[in-house]
Amino acid sequence: MDDQEFLAERFHADRPHLKAVAYRMLGSLSEADDAVQEAWFRLHRSDTSAVENLSGWLTTVVGRVCLDMLRSRKSRREESLGVRVPDPVVQREGAVDPEHEVLVADSVGLALLVVLETLGPAERLAFVLHDMFALPFDEIAPIVGRTPAATRQLASRARRRVQGTTSVPDDLHRQREVVDAFIAASRGGDFDALVALLDPDVVLRADAGALPTMPSREVRGARQVAGQALTFQKFSQFSRRVLVNGGAGIVTAPGGRTLSVMGFTITGGKIVAIDILADPDRLSRLDLTFIGD
């Protein structure tokens, strides 16, 4: 086996891990693929003969690429477009997909990714690489151009933000029970039953992109979210239960055309967050071919 074949084999083995890093950094599956591809190009252009830990080297390269992408995104002020729900990882219930499992390991739900979206690029990188992938601060510091001590502070600030806004979800069986009750209450137009399923401080985030008929919005409070859920009534018969980032979720697809993906965060038997992606452009890039099965 020559050097190029060896590098290609090693890169292929590390690809799921690298995409998982990029997905947590960017919240976008297509951009994560782009970042991993750029890491492959950089690997080909670099002399790695003295690199002892190629997997670690590739992780830092992907981190650097993602940091540049986040800074470019921020400079274009994409966040000013309103509510943005990260790309969901959607699976058929009962399906086993090793790459998907790596992507959403450690309970990387949409609610957590939404919080990561609020962090600055350097904070996000320090938190993701250290807290999620155990990279030492000595290796992260050169990427963000800080000292290891300053990089530690970046991760610490990010950690406080994350811990203050995320909760441990119920087990999947309980989540499914709650989502089934949500679908039944929506179909029946039962406002009180919907309110009973929702945490008093529940937040609903809906990202419709540039869709004029459904503006992106954030709604808070059980009664307000229940009112929004009733608008889902006419489409609820076309809903299919799926896994969204490893948790209970719903895909709504009348006539086989996907209208939305809904991810739920459920804690203590109550829905604390609902994240809806209804942007037709972004939905078209998701692998949802199994919906028509």
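Residues numbered from 1 in each chain as written. Predicted model: local features only at pLDDT ≥ 70, side-chain atom pairs only at ≥ 80, totals over all residues. Heavy atoms only, no water.

Trainee: I would appreciate a short explanation of the overall build of the protein chain in the present structure.
Mentor: Helix and strand counts for the protein chain come out as 12 helices and seven strands. In terms of overall size, the protein chain behaves like a compact globule, its C-alpha atoms giving a radius of gyration of 20 Å where 293 residues would be expected to give roughly 19 Å. Dimensions along the principal axes, computed over C-alpha positions, put the protein chain at roughly 65 × 40 × 35 Å. Counting only residues that meet the buried cut, the protein chain has 47% of its 293 residues in that class. Expressed as a percentage of contacts within the protein chain between residues at least 6 apart in sequence, the contacts between residues at least 24 apart total 66%. Accessible surface computed for the protein chain: about 14,000 Å², of which carbon and sulfur atoms make up 51%. Across the protein chain, the centroid of the 35 positively charged side chains sits 7 Å from that of the 40 negatively charged ones. (Helix = DSSP H or I, 4+ residues; strand = E, 2+ residues; numbered from the N terminus. Rg over C-alpha atoms; globule rule 2.2 N^0.38 Å. Buried < 20%, exposed > 50% of the residue type's maximum accessible area, 1.4 Å probe, protein only. Contact = heavy atoms within 4.5 Å. Areas by Shrake-Rupley, 256 points an atom, 1.4 Å probe, with all protein chains shown as cover. Lys, Arg positive; Asp, Glu negative; His and termini not counted. Charge placed at Lys NZ, Arg CZ, Asp CG, Glu CD.)

Trainee: What's the story with helix α7 (residues 137-144) in this structure? I'm lost.
Mentor: An α-helical segment advances 3.6 residues per turn. Residues three or four places apart therefore align on the same side. All of the buried residues in α7 are F137, I140, A141, I143 and V144. All buried residues of α7 fall inside an arc of 160° around its axis, so they share one side. Turned more than 90 degrees from where α7 packs its buried face, D138 and P142 sit exposed. (Arc of directions from axis to C-beta.)

Trainee: Just checking my understanding: could you explain the packing of aromatic side chains for this structure?
Mentor: In this description, a pair of aromatic rings is defined by centroid distance and the angle of the planes. Applying the stated criterion across every chain, the model contains two aromatic pairs. A centroid spacing of 5.0 Å and a plane angle of 50° characterise the contact between F11 and W40, whose relative ring orientation is tilted. Here W40 lies in helix α2 (residues 29-45) and F11 lies in helix α1 (residues 3-26), a separation of 29 residues in the sequence. We note that F11, like W40, is buried. (Phe/Tyr/Trp six-rings, centres within 6.5 Å; stacked < 30°, edge-to-face > 60°.)

Trainee: Would you take a moment to explain the side chain of E123 for this structure?
Mentor: With respect to the helices, strands and loops of the structure, E123 is situated in helix α6 (residues 121-132). The exposure class assigned to E123 is buried, which follows from its relative accessible area of 13%. Excluding anything up to four places from it in sequence, E123 contacts L154, R157 and A158.

Trainee: How should I be thinking about the environment of S46 in this particular structure?
Mentor: For S46, the position within the fold is in the loop between α2 and α3 (54-75). A distance of 2.6 Å separates the side chain of S46 from the backbone oxygen of R42, its partner in a polar contact. (Polar contact = N/O pair within 3.5 Å; in protein donor to acceptor, adjacent residues only side chain to side chain.)

Trainee: Looking at this model, I keep getting lost on the environment of M214. Mind explaining?
Mentor: Checked against the element boundaries, M214 lands in the loop between β2 (198-207) and β3 (217-220). With 64 residues separating them in the primary sequence, M214 and A278 have C-alpha atoms 8.4 Å apart. If sequence neighbours within four positions are ignored, M214 has contacts with A206, A208 and A278.

Trainee: Looking at this structure, how should I read the pairing of strand β6 (residues 260-267)?
Mentor: Within a regular strand, side chains alternate between the sheet's two faces. Most of β6 sits inside the fold, with seven of its eight residues counted as buried. Two strands pair when backbone bridges link them, and strand β5 (residues 247-252) and β6 are joined in this way by four bridges, in the antiparallel orientation. Following the sheet pairing, G249 is matched in β6 by G263. Pairing between β6 and strand β7 (residues 270-277): seven bridges, direction antiparallel. Residue pairing in the sheet places G263 in a bridge with D275 of β7. Taking the residues between adjacent antiparallel strands as the criterion, β6 and β7 are bridged by two residues, where G268 takes a positive phi near 60°. (Pairing = 2+ DSSP bridges.)

Trainee: How should the sheet that holds β7 be read in this particular structure?
Mentor: Strand pairing in a sheet relies on backbone hydrogen bonds, with the paired strands running either antiparallel or parallel. Taken together, seven strands build an open sheet; the order of strands is β1-β4-β5-β6-β7-β2-β3 and the sheet is mixed. Lying at the two open borders of the sheet, with one neighbouring strand each, are β1 (90-91) and β3. Where β2 lies against β3, four bridges are found, and the strand directions are antiparallel. Within β3, the residue paired with R205 across the bridge is E218. Along the sheet, helix α11 (residues 222-230) contacts β2, β3 and β7; its crossing angle with β2, the most-contacted strand, is approximately 45°. (Axes fitted to C-alpha atoms, helices over the stretch in contact; angles between N-to-C directions.)

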